[in-house]
Amino acid sequence: MNISLFLQMAADADANRIGLVCDGRRWSYGTLLRAAQGAATLIRESGCTHVSLLDESSEAATIALFGAALAGIPYVPLNYRLADEDLAGLLHRIAPAFIVGDTGRVERLAREDGHTVHSRTDFVGKAERTAGLIEEGEEDVAVQLFTSGTTAAPKAAILRHSNLVSYIVGSVEFGSATEDEARLVSVPPYHIAGIASLLSTTYAMRKVVLLSAFDPDTWLAAVASEGVTSAFLVPTMLGRIIARLDAGANAELSSLRSIAYGGGPMPRELIDRALDLFPNVDFANSYGLTETSSTVAILGPEEHREAHRSSDPKVRARLASVGRPLPTVEIEIRDEEGRPLPAGERGEVYVRGDQVSGEYRERSALDAQGWFPTRDAGYMDEEGYLFLAGRADDVICRGGENMSPGEIEDVLLTHPAIADAAAVAVPSLEWGETVGVAIVVRAGQQPPSDEEVKKLIKDRLRSSRVPERVLVLDALPYNEMGKLLRREVRNLFKG
Amino acid sequence: MKPGTKLKSTVDDTEVMVIRGSDAVVECGGAPMAEEKPGQLGTLNPDFAGGTMMGKRYVDAAGTVELLCVKPGKGSLAINGTALQIKDAKPLPSSD
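Cut-offs and rules
Residues numbered from 1 in each chain as written. Chains lettered and ligands numbered in written order. Predicted model: local features only at pLDDT ≥ 70, side-chain atom pairs only at ≥ 80, totals over all residues. Pairing = 2+ DSSP bridges. Helix = DSSP H or I, 4+ residues; strand = E, 2+ residues; numbered from the N terminus. Axes fitted to C-alpha atoms, helices over the stretch in contact; angles between N-to-C directions. Contact = placed C-beta atoms within 7 Å. Parallel < 35°, antiparallel > 145°, perpendicular 65-115°, else oblique. Left-handed = near helix turned anticlockwise from the far one by under 90°. Nonpolar A, V, L, I, M, F, W, Y, C, P; charged D, E, K, R; others polar. Domains from an automatic or database assignment.

**Quick notes on the sheet that holds strand β3 (residues 50–54) of chain A**
Residues and elements named next belong to chain A. Pairing within the open sheet is parallel, and its three strands lie in the order β3-β4-β5. Two strands in the sheet have a free side with no partner beyond their single neighbour: β3 and β5 (116–118). Averaged over all pairs of adjacent strands, the angle between their axes in this sheet comes to 20°, without regard to strand direction. When strand β4 (residues 97–101) meets β5, the two strands line up parallel, connected through three bridges. Bridge pairing in β5 places Val100 opposite His118. Sheet strands touched by helix α3 (residues 59–71): β3 and β4. Its angle to β3, the strand with the most contacts, is close to 170°.

**Let's talk about the packing of helix α2 (residues 29–46) of chain A against α3(A)**
Two measures define how a pair of helices packs: the angle their axes make with one another and the distance between the axes. All names here are of chain A. Contact geometry of α2 with α3 gives a least axis separation of 7 Å together with a crossing angle of 60°. It follows that α2 is oblique to α3 by the angle criterion. Considering only the axes of α2 and α3, their crossing is right-handed. Contacts between α2 and α3 involve Leu32, Ala35, Ala36, Gln37, Ala39, Ala40, Ile43 and Arg44 on the former and, on the latter, Thr62, Ile63, Ala64, Phe66, Gly67, Ala68, Leu70 and Ala71. Split into classes, the residues belonging to the contact of α2 with α3 amount to twelve nonpolar, three polar and one charged.

**Considerations on the packing of helix α9 (residues 216–226) of chain A against helix α10 (residues 235–246) of chain A**
All names here are of chain A. Running from amino to carboxyl end, α9 crosses α10 at an angle of 80°, the nearest separation of the two axes being 9 Å. Classified by the interaxial angle, the pair formed by α9 and α10 is roughly perpendicular. Together, Pro216, Asp217, Trp219 and Leu220 of α9 and Arg240, Ile241 and Arg244 of α10 make up the contact between the two elements. Taken together, the residues of the contact of α9 with α10 break down into four nonpolar, no polar and three charged.

**Thoughts on the domain arrangement of chain A**
All names here are of chain A. As far as domains go, chain A holds domain 1 (4–302) and domain 2 (396–492). The gap between the C-alpha centroids of domain 1 and domain 2 is 34 Å. Taken together, the contact pairs 15 residues of domain 1 with 14 residues of domain 2. Elements supplying a minimum of two residues to the side of domain 1 that touches domain 2: α10 and α11 (268–277). The element contributing the most residues to the side of domain 1 that touches domain 2 is α10, with three residues. Within the side of domain 1 that touches domain 2, the residues separate by chemical class into seven nonpolar, seven polar and one charged.

Quick look at the structure:
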């Protein structure tokens, strides 16, 4: 199996149909396929072991993804927002790679690694001018994505061609989109949702309108100018779009028929507001992970409207659910010993199915029966609706970006006046979750000001780690085993 | 037939990819399919000329075999002379 099949089928069915609109240029499936075939030749000739993208979204992402598949080389898009030190580490791990995008940064950070680098324009131009490969490559791994590295070095999650083909063929009907449909994609190319978007739209033959990066005004303008009919958003993006509309932004959104969202917790107020604001739009909440080839559960449009209208608290509560498993996926909630739990009881979410890889370069996380422990905490109600309740390991998920409390706490503890510290997730309307920190001050010291604490984090870590709230406590709550009771710390922020 | 194997019709243009396989021999247009296209096409059996459709999945009654049509043709798919059926899948909302 090979994911390049999707582009080949779309081009076979209608080579002249427009599949991608990006930066003013319109790409037909035939043109995209020829460019991907040319890219495959370039990739194969480079002798590299990985294909990478270090760039914002563009046609180069589509061409590199399918080109890598045709060449039989794993595609490893990297997060261009990473700090130099972290990025250098990842570049070293994929060497020698065929890298498209920020050539200057690769040369500065990884000169010794033997990478082959191309700027975006250079790559796309060469791919279009190069003849295609005769022999399709044979390789199991289609895509490798580095996890956000919450406690240790980032893990290299791998998705095999068979995982992604199972996911797409099992959940998307080939060629089911009509020619007037257009899907606006604004998620980053290094995120599983960005990759799944390119695959599912190609297979459905649904035209993609690709934004280089998300901005609410650009998004609104693209909906109007391209007659966009559907979009995928992370909750933070939806919040920003609504904020612009509330501020009186000029918007023509009558073409919009559906919005899918996922990637992080959706605040209840926000989805209620969106359902009121767009009464004719179908909303779908999708839950999935990198290791599961994207979506494993969906809360569909009808379920959104039913919950939104209902006066029954049980039905209303479903707006906070991520829906029910796909027909091709099994989901179980298990306790700490791995025993299945009945409906209503909170435990860890386990997933099984052909699309679930659960595999890292270093090891597979699947159990003997093929179940993947997601590390997400949650429960299922009697009707089989899945509710998530944070990360099993207390990762903070801010606007779709996972961050480890540990890295924030380590920096806080470098402050001479801070004796103990805990970073926890605090609910946020804008971000889903944001950072709250509780600190304990050393005896005889003055507590640092909020500004001082924020500056300390800002100077040492990425700005997303800066706490929104700082609490000063006499002591942090620990259990008898000396384990920090994070839930109690989180409760302190609820007041 | 291993998942991922591509089978080609020996009497028309049909090509399928095996999603789920067994040891059964798949026929198209009344003739066994093969991994390599023959130099010259055989004759289409009019009893198996219903046609295949691009992108549709075909299954046997027991659900042991599932094939994805990646190139359509004039023949229809069968195992031991029993026609395969198009897999009926409930459409899902597009989620990413």
